[in-house]
Amino acid sequence: MLLAALWALPIMGTGPTALAAQSPESPLLKGGQIRLEMLPEVRLWSERYGGTQSPFDQTEPLAADFFRSSVDTTFLPALQSVQDDLRALLADSGLVADLGATRARFQANRTEIPLGLGIGIFDWLTVGVKVPFVRRRVEVDLALDPTTATLGRSPGLNDAAVQTYLAELSAVIDHVTALVDQRCTTLGSSDPVCVRGQNALGEANLLSSNLGDAYLGLFFPLGGSAAAGALTSRAASIQALLLQEGDPTFIEQTWVTPLPFANSGLSEDDLQTLMTAGAYGVSADPISSQRSLWELGDVEFSAALRLFEHVPARDPATRVDTAGAPTSGGGLGVLLGVGATYRLGTGTPDLARNFVDLGSGDGQDDIELQVFGRLDLGGRIRTRFEARYGMPQEGQVTRRIGAPDQPIRPISTERVVTWQPGTYLDAMIAPEIRVAPEFSLGVRYRYTHKGADTYRLPGGEDPSLPPVELLQEETELTVQHLGIGATLWPSPRSAARDQWPLAVSAEYQRPLGGKGGAVPKDSRFSVSARLFVQLW
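Residues numbered from 1 in each chain as written. Predicted model: local features only at pLDDT ≥ 70, side-chain atom pairs only at ≥ 80, totals over all residues. Heavy atoms only, no water.

Enquirer: I'm lost on the overall build of the chain in this one. Help?
Expert: Broken down by element type, the chain carries 8 helices and 23 strands. For 536 residues, the compact-globule estimate of 2.2 N^0.38 gives 24 Å, and the chain exceeds it by more than 25% at 34 Å. Projecting the C-alpha coordinates of the chain onto the three principal axes gives extents of approximately 125 × 40 × 40 Å. Looking at the chain as a whole, 50% of its 536 residues are labelled buried. Considering only contacts in the chain between residues 6 or more positions apart, those separated by 24 or more positions represent 76%. Counting only carbon and sulfur atoms, one obtains 58% of the accessible surface of the chain, whose full area is about 23200 Å². Separation between the mean location of the 44 positive side-chain charges and that of the 61 negative ones in the chain comes to 13 Å. (Helix = DSSP H or I, 4+ residues; strand = E, 2+ residues; numbered from the N terminus. Rg over C-alpha atoms; globule rule 2.2 N^0.38 Å. Buried < 20%, exposed > 50% of the residue type's maximum accessible area, 1.4 Å probe, protein only. Contact = heavy atoms within 4.5 Å. Areas by Shrake-Rupley, 256 points an atom, 1.4 Å probe, with all protein chains shown as cover. Lys, Arg positive; Asp, Glu negative; His and termini not counted. Charge placed at Lys NZ, Arg CZ, Asp CG, Glu CD.)

Enquirer: Explanation requested: unusual backbone geometry in the structure shown.
Expert: Most peptide bonds take the trans configuration, and most residues that are not glycine carry a negative phi. Phi is positive for S283, close to 50 degrees, though the residue is something other than glycine. Relative to the elements of secondary structure, S283 occurs in the loop between α7 (268-276) and β9 (290-291). Overall, S283 belongs to the buried group, its relative accessible area being 17%.

Enquirer: Just to check I follow, could you spell out the packing of aromatic side chains for this structure?
Expert: In this description, a pair of aromatic rings is defined by centroid distance and the angle of the planes. A full pass over the atoms with the stated rule returns 8 aromatic pairs. Summarising the aromatic geometry, the rings of F66 and F106 are spaced 5.2 Å apart at their centres and angled 55 degrees between planes, so their arrangement reads as tilted. Here F66 is found in the loop between β4 (59-61) and α2 (79-90), whereas its partner F106 is found in strand β5 (residues 101-122), with 40 residues between them in sequence. F66 sits in the buried class, given a relative accessible area of 4%. Residue classification places F106 among the buried residues on the basis of a relative accessible area of 5%. Ring geometry for Y165 versus W255: centroids 6.1 Å apart, planes at 65 degrees, classification edge-to-face. Pair noted here: Y165 is in helix α3 (residues 160-187) and W255 is in the loop between α6 (248-254) and α7, with a separation of 90 residues, a long-range link. (Phe/Tyr/Trp six-rings, centres within 6.5 Å; stacked < 30°, edge-to-face > 60°.)

Enquirer: How do you make sense of the nonpolar core when you look at a structure like this?
Expert: Generally speaking, nonpolar side chains in soluble globular proteins are found buried as a group. Core analysis: the largest hydrophobic core is formed by 69 residues, its most contacted members being L211, F219, L242, L274 and I287. At the level of elements, α2, β5, β6 (125-145), α3, α4 (192-216), β8 (219-221), α5 (226-245) and α7 are the ones that each hand at least two residues to this core. Take this core: its biggest share by element is 9 residues, from α3. Once residues lying within four places of it in the same chain are set aside, the contact partners of F219 are L79, V82, L99, L151, G152, S154, A214, L266, L274 and Y280. Counting 9 residues, the second largest nonpolar core, distinct from the first, contains V417, Y455, V468 and L471. (Core = buried A, V, L, I, M, F, W, Y, C linked by side-chain atoms within 4.5 Å.)

Enquirer: Even after reading the chapter, I still don't get the sheet that holds strand β22 (residues 519-520), so can you show me in this structure?
Expert: Spatial ordering of the open sheet is given by β4-β3-β22, a layout of 3 strands whose pairing is antiparallel. On the outer flanks of this sheet lie β4 and β22, each paired with one strand and no other. As paired strands, strand β3 (residues 47-49) and β4 are joined by 3 bridges and run antiparallel to one another. By the bridge assignment, R48 is partnered in β4 with E60. (Pairing = 2+ DSSP bridges.)

Enquirer: Mind showing me how you'd approach the packing of α4 against α5 here?
Expert: Axis angle and axis distance: for two packed helices, these are the angle between their axes and the distance between the axes, and together they describe the pair. Close contact between α4 and α5 brings their axes to 9 Å; oriented N to C, the two are set at 145 degrees. When you trace α4 past α5, the crossing you get is left-handed. Judged by residue contacts, V193, R196, G197, A200, L201, E203, A204, L206, L207, N210 and L211 of α4 engage L231, R234, A235, I238, L241, L242, Q244 and E245 from α5. Residues belonging to the contact of α4 with α5 are distributed by class as follows: 12 nonpolar, 3 polar and 4 charged. (Axes fitted to C-alpha atoms, helices over the stretch in contact; angles between N-to-C directions. Left-handed = near helix turned anticlockwise from the far one by under 90°. Nonpolar A, V, L, I, M, F, W, Y, C, P; charged D, E, K, R; others polar.)

Enquirer: Sorry if this is basic, but what is going on with α2 here?
Expert: Working note: α-helix, 3.6 residues per turn, so residues spaced by three or four point in the same direction. For α2, spanning 12 residues, the distance from its first C-alpha to its last is 16 Å, which sits close to the expected 16 Å at 1.5 Å a residue. The inward-facing, buried residues of α2 contact β7 (151-153), α4, β8 and α5. In the stretch just after α2, A91 is the one whose phi turns positive, near 50 degrees. (Expected span 1.5 Å × (residues − 1).)

Enquirer: Could you clarify how one ought to interpret α3 in this entry?
Expert: Between its first and last C-alpha atoms α3 spans 40 Å; for 28 residues at 1.5 Å apiece the expected length is 40 Å, and the two agree. All of the buried residues along α3 are V162, Y165, L166, E168, L169, V172, I173, H175, V176, V180 and C184. Against α4, α5 and α6 lie the buried residues of α3. Directly after α3, the chain includes G188, whose backbone phi takes a positive value near 100 degrees.

Enquirer: For this particular structure, what's the right way to read the state of the cysteines?
Expert: When the sulfur atoms of two cysteines share a covalent bond, that bond is a disulfide. Inspection of every chain in the model, using the stated rule, returns 1 disulfide. Across the disulfide from C184 sits C194; the S-S distance is 1.8 Å. Looking down the S-S bond of the C184 and C194 bridge, the torsion is 100 degrees, so its handedness is right-handed. One end of the pair, C184, is in helix α3; the other, C194, is in helix α4, and 10 residues separate them in sequence. Exposure class is identical for C184 and C194. Each is buried. (Disulfide = S-S within 2.5 Å.)

What follows is the structure, encoded as structure tokens:
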């Protein structure tokens, strides 16, 4: 969520009250002036840009990591113990536990409303604070197609057919045990006939034990699958061994129930059970649609300092606006300033146990340095520019360690890790034109690059965990945006009508391209309002 604060910045810088006065979005205010602002922004996306090795502007679905042609242990590590048990049951070391294929679609929506206060201490110094409130919503459509599955939902140990089958098997084992014990007593335990009978009983008892354990679980071989065929063959071979040791008529008349298999694949609810039930090692929140309440984001404190300003001389007869600045005229105007921001990690980071969580903030502090300025040409054309360099501070967050393409991670990998986000550069240029006394239009191009993050375990490496360096993958990013917007702002006419000096902007923005693996390809719309009041 490091870029949430960056993306919350306005994309359009339009509409000056006059080119010699401050733009509504300028960091600087006049001495004694305050600015109250509300800057709501809505972002929507269902796609993201590919990883750092992908071509620029290559996109993939937001839910790409949840698309799988085979739901096996590489996608769901919790299946490993199930697969081991079934391999023992089937005496097949090559069995792959496969629940089928998934299809997924995610649609993310993030609304952020920063409330800001700026105070012009002097004409050359402005300080401010911004408090964002964030609400997130993720629409999740995750479905499981069991067509190619080897496993389905177990009929369960309480199923009538299962109980009958196990009871028949137990009766046959008891029958053969009595006969084998009698032979071993007569012939001796080392006699080949005794050894053969004991081996057959060992196989039968192992099958009975393995079946009892398997039916207790959520999974069992799906009827008609290769796994079901392998288990049927094993049961038939053990029956053949017992037929040699017992009364064939008794065995054939007693052991008559077909081996019960799963008759349907797992449902979406079963898949969610795997996520939430502690028995499967994940212990996470369901992968389902969610909507947060309004939450506090990352609060920031800022200061802007004017280094240089040149205002061209104007005809004294030129009309002036409410700020005392001419509304028309010629010449070249220049402003250059610097600023600094300290952003607190007051927001809530995305939760380690929620695999689709967005979070309302970073959970660590940022220091940001800024250079800004503008060029004015005549009374109607202005070009604003700005560059921000961010130095995120180290912090501790809870993460489940794993590769980016393994979205479902066991709870055993969850640790508190030390996180050092990469530094970032955010630069923009925004030409705008004043088309009427109270109205201006503009566009903005924006470039953002962030370096790779680093992670480390506070207690050093843990051989029981995947390498913590996996968390660093797909954290470097580059993205470009283009925006278009309009602003209504105070003018001499609004002052003559005794109206409040209120500037209102509307803007739409879209990405031009990017890469990094975790960069949303989002559309954004915002409507902002800024109220200016002169206190002294």
